[in-house]
Each structure stands twice: as structure tokens, then as C-alpha cells.
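# Architecture and fold: a report
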Amino acid sequence: MANDNLKHTDWQLIINEIANEVRPLLNEGKVADYIPELANVDSNAFGISICMLDGRAFSCGDAHTKFSVQSISKVFSLTKAFSILKDDLWKRVGKEPSGNPFNSLIQLENENGKPRNPFINAGAIVVADCVVSNTEDSLNTIIDFIRELACNKSIKMNQAMFRSEKAFGHRNAALAHFMKSYGNIEADVDEVLDFYFGHCSLSMSCEDVARAFLFLANHGVHPVNKRRYLTASQSKRINSLLLTCGTYDAAGDFAFRVGMPGKSGVGGGIAAIIPGLLSICVWSPGLDKYGNSLAGVKALELFTTKTGISIF
Ligand code: GLU
């Protein structure tokens, strides 16, 4: 990528334009309500933040409003598990797109309790088990880890969201018990689920999330605190999984339209990166039929179109 050509890019102007252009779409998506607390949100909200590896940051709209990160947090637990278990992790969870809804049970039976990838719920629950089985005080450990990545000590769980996830998490509980029956969950199922619901119910702003993804844009080293969280090869692997599996059953469409590795969550956030350059997070709670933020995907599509940058 010719980064020199980007020297004069007016990033603020670009994201302001994007915010204006997606405004008419804000009411077209549907806010998730299968976890009742998720519906408790302003459906008109839209935020966007970019963090550059050189330290600059640009934000627009509701970029400082906290939202429920949901599945975006699976990237942080995967990072933790991968750094602990290294390639042994892939004995427990696969690396292929699932082609099935994110909370499907069917494939799991056909494939003997080994989830297709770490971003469908079954895969993220196995990853959760890997962290729970290998760390003390796991939930606080992962929350502290995410605070460190986001450079924000005040990040916390939304307790109402956590209770709502737990009360309505029958399908996730079913997935966890099912995998336990195949021997693919080591720790106590309730402990694993509490950890999983706990990190999904964290509240973060677009700026928090974008900053927390910077290490993936920088071959595993966070440019702010200079710490290495993953090897360059591990960072490449996570980005590859984000591209192929990070946006539910629409990863192909997302790659086609946007051209960046990214992770979405049912709270309406999407985080994405351009290696060697930047991380970006958009948030708008209305979802498309695949569960990705409708205005968020459009905003990222506009971003790569207007700037002419993508990973390709
Ligand atoms: N905690 C949510 C669930 O397990 C995460 C869903 C998502 O964002 O994809 O259903």
C-alpha cells in the first residue's frame, strides 16, 4: 500500500461525510432483542472512530457513547487463548467459515463437538474454556487485558446486560453442555458461561474498541504501550480468521464490499483493521438480516471506497 499517498488524507472530513451519508439508513436495521437488554438502546445512534498507528485518532457522532461489544469481545478472548495455548488451540476449534448461523447446534453434532471457528458462539465458548482453564480469576483477567488494550481502566461490564444474557442464554448453555459431552469443555460449564457472558456484556465506546484493535494492525505489538501480545504470525492468523469468519454468515459479502478483516457484534459494533496503518470501529445498533450493523457495514464500505485503501 502506498502510505505516502495518504499523507494528505483528511481523515476527519472523510468520517464526517460518512456519518452524513449513512444517516438515512439508521432506521432501516433492526435492533437485536433476543437478549432483552440489547433492545434498550437508541436505534438512531451512530459513531465512528479511527486510530492510526502513528498515534492520531479521529472520531465522529456517538463515538464516545458506550455500547455492548458482544461478539467483538471474542477477538480479545481468542488473543488471550492463542497466546496461552499457541497452536494447540486448533485441536479444540477449527478455522473454517461455518456457513451456519452463529448460534447453530446442528453442525456441532456432525463434527463431533469441535466448532468450525472461534467466532461462532460454540467456538467462542471453547476459547472461553481455554482461558478459564488456564488463568486465575479469569473474568477479571480478561477485563484487565481489554482495559490495557483499550488504554482505558474504566471499561466495565454492564451488569443488567450480563444478567439478561445469562437469563436468556439457553442456546449458549446448550452448546456448552453439548461440547462438554464430547470432552471439548474442560472447566465447569457454568464458570465458562459466566466468563463468556461476562466479556460479551462489556460496554465500550468506538474509540475504546478501535484502540483495543491497534495491535492487530501492527503485527501483534500495541503501538501505544509497545507490548507484544501476539507474534506476527499469530496476528496474521487472527486477521485471516476475521476476514473469513468475523461477520457471521455474511463474511463473504463483507469482504467483497469492505475489503478489511473485521469483527461485528449484535450490539451493532464492528471493528476492522488495515495492517500497517489503522484500526476503525463503527457502531449503529440497527442490524441487517445477518446480524451485522446495517449502517456500520455501509460506513466501512464507504470508508474503503472514499480512501481507496483496503487490504487488497
Ligand atoms: N453474547 C451474544 C450471544 O452469545 C453474542 C452474540 C454476538 O454478538 O454475536 O448470543
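Going along each chain's sequence as written, the residues are numbered from 1 onward. Restriction of local features to residues with pLDDT of at least 70 applies here, the model being predicted, together with a cutoff of 80 or more for giving and counting side-chain atom pairs; totals for whole chains, interfaces and linings are based on all residues. Calculation of side-chain values draws on the structure's entire complement of heavy atoms; hydrogens and water are dropped beforehand.

### Some thoughts on the nonpolar core
Basically, it comes down to this: Here the nonpolar core consists of buried residues drawn from Ala, Val, Leu, Ile, Met, Phe, Trp, Tyr and Cys, with membership extended through side-chain atoms lying within 4.5 Å. Each residue's exposure class comes from its accessible area (1.4 Å probe, protein chains only) as a fraction of the maximum for that residue type: buried when under 20%, exposed when over 50%, partly exposed otherwise. Each helix is a run of DSSP H or I of at least 4 residues and each strand a run of E of at least 2, with the numbering of both proceeding from the N terminus. Whether two residues are in contact is decided by their heavy atoms, any of which lying within 4.5 Å being enough.
The biggest cluster of nonpolar side chains holds 67 residues, and the ones touching the most others in it are I125, M204, V209, F213 and L216. Sorting elements by how many residues they give to this core places helix α5 (residues 121–134) first, with 9 residues. Beyond its immediate chain neighbours, meaning those up to four positions away, F213 contacts I72, V75, F76, L242, K263, A271, I273 and S279. L25, I280, V297 and F303 belong to the second-largest nonpolar core, a separate cluster that totals 32 residues.

### Digging into empty space enclosed by the protein
What counts is decided by this rule: With a 1 Å grid spanning the protein atoms alone, the term cavity applies to any set of points in which a 1.4 Å probe fits but cannot get out, the term pocket to an open set with protein on both sides within 12 Å along at least five of seven lines, and the term lining residue to any residue with an atom within 4 Å of a point. Grid points are joined across faces, edges and corners, and a volume is the space filled by probe spheres set on the points. Asp, Glu, Lys and Arg are counted as charged, while Ala, Val, Leu, Ile, Met, Phe, Trp, Tyr, Cys and Pro are counted as nonpolar; the rest, among them Gly, fall into the polar class.
By the definition in use, this model includes 2 cavities of 30 Å³ or more. As for the largest cavity, its lining consists of 14 residues, and the residues nearest its centre are S104, Q107, L108, I120 and A122. Estimates place the volume of the second largest cavity at around 50 Å³. Taken together, the residues of the lining of the second largest cavity break down into 6 nonpolar, 4 polar and 1 charged.

### Concerning the pattern of salt bridges
Our working rule: Salt bridges are identified by distance alone: a Lys or Arg side-chain nitrogen within 4 Å of an Asp or Glu carboxyl oxygen.
Under the criterion given, the structure shown has 16 salt bridges. In this structure, D129 and R92 form a salt bridge, with 2.7 Å as the shortest nitrogen-oxygen distance. A residue pair is termed long-range when its members are at least 10 positions apart, and D129 in helix α5 and R92 in helix α3 (residues 89–92) qualify at 37 residues. On the basis of relative accessibility, which here comes to 0%, the residue D129 falls in the buried class.

### Quick word on a positive patch on the surface
As a reminder of what qualifies: Patch building starts from residues that exceed 30% relative accessible area and form no salt bridge, then joins like charges within 9 Å and nonpolar side chains (Val, Leu, Ile, Met, Phe, Trp, Tyr) within 5 Å. Accessible surface area values rest on a Shrake-Rupley calculation with a 1.4 Å probe, where residue burial reflects the displayed protein chains alone. The charge count includes Lys and Arg as positive and Asp and Glu as negative, but it does not include His or the ends of the chains. A charged residue contributes its charge at one atom only: NZ of Lys, CZ of Arg, CG of Asp or CD of Glu.
A cluster of basic side chains, namely K95, K114, K236 and R237, defines a positive patch on the protein surface. Tracing the backbone through its elements, the reader meets K95 in the loop between α3 and α4 (106–110). On the accessibility criterion, K95 (51% relative accessible area) is exposed.

### As for the layout of surface pockets
Size it by volume and the largest pocket reaches roughly 280 Å³. In terms of lining residues, the largest pocket is bounded by 16 residues, among which F102, V266, K289, Y290 and G291 are the most central. Split by residue class, the lining of the largest pocket holds 9 nonpolar, 2 polar and 5 charged. If you trace the second largest pocket, you find 17 residues lining it, with L38, N40, V41, S68 and M161 closest to the centre.

### Some details on the site of the ligand
The condition is simple: Near is defined per residue: the residue qualifies when any heavy atom it owns lies within 4 Å of the molecule or strand. Pairs of N or O atoms within 3.5 Å make up the polar contacts considered here, provided that, within protein, one atom can donate a hydrogen while the other can accept it, and that residues adjacent in sequence are counted only when both atoms are side-chain atoms. Criterion for pocket placement: a molecule counts as inside a cavity or pocket if more than half of its atoms are within 2 Å of its grid points.
The environment of the ligand is formed by 13 residues, the closest being Y34, Q70, S71, Y196 and Y248. Take Y196: an N or O atom from its side chain is 2.7 Å from an oxygen atom of the ligand. Starting from 300 Å² of accessible surface for the ligand in isolation, the protein chains cover 99%. The cavity that encloses the ligand is the second largest cavity.

### Here we look at unusual backbone geometry
If you check the backbone angles, Q70 has positive phi at about 45 degrees while not being a glycine. Tracing the chain through its elements places Q70 in the loop between β4 (67–68) and α2 (74–85). Located in the positive-phi region is N112, a residue other than glycine, with phi close to 55 degrees. If you trace the backbone, N112 turns up in the loop between α4 and α5.

### Quick notes on helix α9 (residues 189–200)
Operational definition: To estimate the expected span of a helix, subtract one from its residue number and multiply by 1.5 Å.
Compared with an ideal rise of 1.5 Å per residue, which puts 12 residues at 16 Å, α9 spans 16 Å between its outermost C-alpha atoms and is within 8% of the ideal. With 9 of 12 residues buried, α9 lies mostly within the body of the structure. Those residues of α9 that sit buried are V189, V192, L193, F195, Y196, F197, G198, H199 and C200.

Read these as layout, nothing more, since geometry by itself doesn't imply function.
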